[in-house]
Amino acid sequence: WRCDDGIPCDGRQRMMELELWIQTAGAFFAILGFSFILDAPRRFLLYTGLSGAVGWLAYLLTQRGEHEVIMAAFISSLAASLFSHAIARRLKAPVTVFLVCGILPAVPGASIYRSVSCLIEGARTLASFYLMETLQVAGAMALAIFIVDSLFRLAQKPGPGTIRREDTDSSAHG
């Protein structure tokens, strides 16, 4: 049987999956180029590209489930943050090297562009809609990064120079 557009449904599904992987590969190479141009350490280039690919794949999969842009940005940032923290610990590198690259594909550039464009054209209602969407996406991304960072900090074992709460309690100093 055939789907609405005349393409066999099985073929349509394969085309959607192929498009998903092509876009993910595109995100990988785009972020790889971005990292190279911004002079990220060469030994991390592959991982920065992977971080971008993980973030974009999560975004696409969330969008495929017919969720809003805000939810897609949140899930994408969660995935990119998890990947970035895990790979940073494994490679003993700063998280930001991978995190910035991982969240970059989900940054709401089109939304802020539309907001400014509508503002210039005098469509204030539409401009405020896009501005609110931009702020919501940015807030969702920040929240996801905060959640993952907090979880990794909670799971982190205290080192020799770590100050414990008991050490700072004023009643203990008597």
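Further up the page is the structure itself.
Quick summary incoming for the structure in this document. Treat the numbers as computed from the prediction; the structure is a model and nothing was measured. Along each chain, numbering runs from 1 in the same order as the chain's sequence is written. Per-residue local features of the predicted model are confined to residues with pLDDT of at least 70, and side-chain atom pairs are confined, for both listing and counting, to 80 or more; whole-chain, interface and lining totals are unaffected and use all residues. Side-chain metrics in this entry use all non-hydrogen atoms of the structure; hydrogen atoms and water are not considered.

In this model helix α5 (residues 109–121) runs 18 Å from its N-terminal to its C-terminal C-alpha over 13 residues, within 8% of the 18 Å that 1.5 Å per residue would give. Residue burial is assigned from relative accessible area. The probe radius is 1.4 Å, only protein chains are included, and a residue is buried under 20% of its type maximum, exposed over 50%, and partly exposed in between. The helix count covers DSSP runs of H or I at least four residues long, the strand count covers runs of E at least two residues long, and both are numbered beginning at the N terminus. Turning to α5, its buried residues number three or more, namely Ser111, Ser115 and Cys118. Buried residues of α5, seen end-on, are gathered within an arc of 75° and therefore sit on one face of the element. α5 presents Tyr113, Ile120 and Glu121 as exposed residues on the side facing more than 90 degrees away from its buried surface. For a helix, the expected span equals 1.5 Å multiplied by the residue count minus one. This arc is built from the directions going out from the helix axis to the C-beta atoms.

Before going further, it helps to spend a moment on the packing of helix α3 (residues 69–91) against helix α4 (residues 95–103). The N-to-C vectors of α3 and α4 enclose an angle of 155°; their axes lie 8 Å apart at closest approach. Between α3 and α4, the angle falls in the class roughly antiparallel. In the packing of α3 onto α4, the handedness of the crossing is right-handed. Between α3, through Ser77, Ala80, Ser81, Ser84, His85, Ile87, Ala88, Arg89 and Leu91, and α4, the contact on the second element is made entirely by Val95, Phe98, Leu99, Gly102 and Ile103. Here the contact of α3 with α4 is built from residues that sort into eight nonpolar, five polar and one charged. In this description, a line fitted to the C-alpha atoms serves as the axis of each element, helices being fitted only across the stretch in contact, and the angle between N-to-C directions of two axes falls anywhere from 0 to 180 degrees. To sort the angles, those under 35 degrees are grouped as roughly parallel, those over 145 as roughly antiparallel, those from 65 to 115 as roughly perpendicular, and the leftovers as oblique. Helix crossings are classified by the rotation of the near helix relative to the far one: an anticlockwise turn of less than a right angle makes the crossing left-handed, while a clockwise turn makes it right-handed. We call two residues contacting when some pair of their heavy atoms lies within 4.5 Å. Amino acids outside the nonpolar list (Ala, Val, Leu, Ile, Met, Phe, Trp, Tyr, Cys, Pro) and the charged list (Asp, Glu, Lys, Arg) are all regarded as polar, and Gly is one of them.

Before going further, it helps to spend a moment on α3. An ideal rise of 1.5 Å per residue puts 33 Å on 23 residues; α3 measures up with 32 Å between its terminal C-alpha atoms. Among all positions in α3, only Ala72, Ala73, Phe74, Ser76, Ser77, Leu78, Ala80, Ser81, Ser84, His85, Ile87 and Ala88 are buried. Positive phi appears at Lys92, one or two residues downstream of α3, with a value of about 55°.

Bringing the packing of aromatic side chains into the picture now. Two rings from Phe, Tyr or Trp (for Trp, the six-membered ring) form a pair when their centres are within 6.5 Å of each other. A pair whose planes differ by under 30 degrees is stacked, one over 60 is edge-to-face, and the rest are tilted. All chains considered together, the criterion is met by four aromatic pairs. With a centroid separation of 5.2 Å and an interplanar angle of 70°, the aromatic rings of Phe129 and Tyr130 are classed as edge-to-face. Under the relative-accessibility criterion, Phe129 is labelled partly exposed at 47%. With relative accessibility at 18%, the residue Tyr130 sits in the buried group.

The next thing to look at is unusual backbone geometry. One non-glycine residue, Asp39, lies in the positive phi region at around 60°. With respect to the helices and strands, Asp39 occurs in the loop between α1 (9–37) and α2 (45–64). Residue classification places Asp39 among the exposed residues on the basis of a relative accessible area of 66%. A positive phi angle is found at Lys92, which is not glycine, with a value near 55°. One can find Lys92 in the loop between α3 and α4.

This next bit is on the nonpolar core. Side-chain atoms within 4.5 Å link the members of a nonpolar core, which is a set of buried Ala, Val, Leu, Ile, Met, Phe, Trp, Tyr and Cys residues. Counting residues in hydrophobic clusters, the biggest one holds 20 residues, and the most contacted among them are Trp56, Tyr59, Phe98, Ile103 and Met141. Only α1, α2, α3, α4 and α6 (124–155) provide two or more residues apiece to this core. Of the residues forming this core, the biggest block, five residues, is contributed by α3. Contacts of Ile103, omitting those with residues within four sequence positions, involve Ser77, Ala80, Met141 and Ile145. Among the nonpolar cores identified, the runner-up in size contains five residues, and Phe74, Leu78, Ala140 and Ala144 belong to it.

A word on the environment of Ile75. Along the polypeptide, Ile75 turns up in helix α3. The sequence separation of Ile75 and Trp56 amounts to 19 residues, and the corresponding C-alpha distance is 9.9 Å. The residues contacting Ile75, other than those within four sequence positions of it, are Ala58 and Thr62.

By themselves these figures say nothing about function.
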